[in-house]
Protein chains: 2
Amino acid sequence: MAAALELFGARDPEDVSIDDVASAAGASRALVYHYFGGKQELYVAALRSAALQLESRLQAQGGGRALDELAAGLQRYFDFVEEHAAGFAALLRGGPANRTGEVGEIVDGVRLRLTRLVQKQMGVEEAGPALRTTLRSWIACVEAAGLDWLEHRDVDRPALERMLVDQMVALLGVAAAHDPGVARLVERLA
Amino acid sequence: MAAALELFGARDPEDVSIDDVASAAGASRALVYHYFGGKQELYVAALRSAALQLESRLQAQGGGRALDELAAGLQRYFDFVEEHAAGFAALLRGGPANRTGEVGEIVDGVRLRLTRLVQKQMGVEEAGPALRTTLRSWIACVEAAGLDWLEHRDVDRPALERMLVDQMVALLGVAAAHDPGVARLVERLA
C-alpha cells in the first residue's frame, strides 16, 4: 500500500501500471491482483489510505487560538500536498466522471471532515448556511491555491499559507456582515 | 445536441443512456451512434456545447463598473447553474479520474477563460501570483457555493450572489495587503 501510495502520489495515476506497483512493492503482479482485484481498486485503496493520512495529520493539537491552529493545520496540509504533488494535482484537477463514484466520495468525504475539523476548532456545533458556505468556499480556496502553487511555484509556501489564513479571516468578515450568528462567532474568536 | 444537453443537465450523466438521448431527440439509436460514436463521446460533445453556452452568456456587456459587471455575470452564471442543476453538480462534485482526460480539460478550460474574463473586466493584462491565486480561489468559491446552494437551497440566490461579490472584494483586499501591484489595482477599481 505504501508503494502504491508513493507511485500514485509521484505520478499521474493514469500513468501508473499494476506492474509498476508490483515491482515497487517487491511483489508479483499476480499477488497485487489477488489482493486488490485491479488497478482501479488499488487506486481507490491507495486514495483511502492517503485520505486517512491527511486527516490524521490535521487533527488539531488543541489548546491554541483557532487561527493559530488553522495556520498550523495549513502547514501540515501543504506538507502533504508537497509530498504527494502529482497525485494531489491529478485528484483535484478537472471534473469527476469517475465511473464508480468512489473517488468522488473519498474527495468529498475529506472535504466534509476538514470542514467539521475547522468548525470544531472554532467551537461551532452546527453551522448555519452563511458559515457552512464560507467554510466550504475556503476549503475550495485552499485546494485551488494548492493546485496553483504546484503548477507555478512562484510564491513562497509560508507566504501562501499566510495569505490563506488572511483569506479565512476576510471570508468570515463577509459572512459576519450577512449573518449575525457569524458576527457573534467572529467576536468570540477575536 | 440540445436534447442530450437537457438530459445530461437534468440527471446525473451516469444515469443517461443513449436510448434516452435518441428518444428525446426523436432520432434512432443507430443515428446517435453514427454521429457520436458512443455515450462518452456524446457526453463530451454535450459538455463542450454547455461550456460554450456558459461562456457566451458571461461575456461582459461592457461599460459598467467592474464590480457591477461581476454581479451581473454571477447572476447569469447562477441562471446557468439552476438550469443545468444535476449536470453541474455531477460535473463538479468529487475528483476527476476521467479516463480520457477530456472532461477535466473542458472544466479547466472554462475556469481559465472565466479567470481571463474577470481579468479583462478589471483591465489587467497579466496577473502576478497573488492576483492569479486570488482569482482562481474566487472561482473555486463560486463553484463551491453553487454546489452548496444546489444541495441545500436554504439561502436566497440574490443573497448568495451578493455574498460572493463581497467575497471577491475581501479576497482582493487580502491580496492587496500581500502585493503592492494588487493594491494599486484595487485603488483603481474603487
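Every value quoted in this text rests on a predicted model; they were computed, and no experiment measured them.

S.K.: Explanation requested: the packing of aromatic side chains in the structure shown.
M.R.: Two descriptors summarise a pair of aromatic rings, namely the distance from one centre to the other and the angle between the planes of the rings. All names here are of chain A. Inspection of the entire model under this criterion finds four aromatic pairs over all chains. A ring pair is formed by Tyr77 and Phe78, whose centres lie 5.9 Å apart and whose planes are at 70 degrees; its orientation type is edge-to-face. Neither Tyr77 nor Phe78 differs from the other in exposure class; each is buried. One aromatic cluster is present, formed by Tyr77, Phe78 and Trp149 through successive ring pairs. Directly above the aromatic system of Trp149 lies the positively charged group of Arg153, at a separation of 4.5 Å from the ring centroid.

S.K.: For this particular structure, what's the right way to read the UniProt feature "DNA-binding region" (unreviewed entry) in chain A?
M.R.: This chain's UniProt record puts "DNA-binding region" (unreviewed entry) on residues 17–36 of chain A. Annotation note: span residues 17–36 of chain A, helix share 80%, strand share 0%, distance between end C-alpha atoms 13 Å.

S.K.: What is the right way to read the packing of helix α9 (residues 157–178) of chain B against helix α10 (residues 180–189) of chain B from this model?
M.R.: Each pair of packed helices can be summarised by the angle the axes make with each other and by the distance between the axes. All names here are of chain B. Put simply, α9 and α10 touch, their axes get as near as 6 Å, and they point 135 degrees apart. In terms of orientation, α9 lies oblique with respect to α10. Classified by chirality, the crossing of α10 by α9 is left-handed. Only Pro180, Val182, Ala183 and Val186 of α10 make contact with α9, whose side of the interface consists of Leu172, Ala175, Ala176 and His178. Residue composition of the contact of α9 with α10, grouped by class: seven nonpolar, one polar and no charged.

S.K.: Teacher, can you tell me more about the UniProt feature "domain: HTH tetR-type" (unreviewed entry) in chain A here?
M.R.: Using the residue numbers shown here, the UniProt feature "domain: HTH tetR-type" (unreviewed entry) corresponds to residues 1–54 of chain A. Annotated as residues 1–54 of chain A, this span is 76% helix and 0% strand, and its ends, taken at the C-alpha atoms, are 15 Å apart.

S.K.: Before we go on, may I ask you to explain the interface of chain A and chain B in this structure?
M.R.: Many structure descriptions define interface size as the accessible area lost when the parts assemble. Taken residue by residue, the interface counts 44 residues in chain A and 44 residues in chain B. For the pairing of chain A and chain B, the buried interface totals around 3,900 Å² over both sides, and the portion due to carbon and sulfur atoms is 56%. One can count eight salt bridges joining chain A with chain B. For the salt bridge of Asp148(B) with Arg132(A), the shortest nitrogen-to-oxygen distance reads 2.7 Å. On inspection of chain A and its partner chain B, the count reaches twelve residue pairs in polar contact (both at pLDDT 80 or more). In terms of residues, the side of chain A that touches chain B owes the most to one element, helix α8 (residues 129–152) of chain A, which gives 15 residues.

What counts, and at which threshold
Residues numbered from 1 in each chain as written. Chains lettered and ligands numbered in written order. Predicted model: local features only at pLDDT ≥ 70, side-chain atom pairs only at ≥ 80, totals over all residues. Heavy atoms only, no water. Phe/Tyr/Trp six-rings, centres within 6.5 Å; stacked < 30°, edge-to-face > 60°. Buried < 20%, exposed > 50% of the residue type's maximum accessible area, 1.4 Å probe, protein only. Lys NZ or Arg CZ within 6 Å of the ring centre and 35° of its normal. UniProt positions renumbered as here; feature names shortened; annotations may be inferred. Helix = DSSP H or I, 4+ residues; strand = E, 2+ residues; numbered from the N terminus. Axes fitted to C-alpha atoms, helices over the stretch in contact; angles between N-to-C directions. Parallel < 35°, antiparallel > 145°, perpendicular 65-115°, else oblique. Left-handed = near helix turned anticlockwise from the far one by under 90°. Contact = heavy atoms within 4.5 Å. Nonpolar A, V, L, I, M, F, W, Y, C, P; charged D, E, K, R; others polar. Buried area = accessible area lost by both parts, 1.4 Å probe. Salt bridge = Lys/Arg side-chain N within 4 Å of Asp/Glu carboxyl O. Polar contact = N/O pair within 3.5 Å; in protein donor to acceptor, adjacent residues only side chain to side chain.

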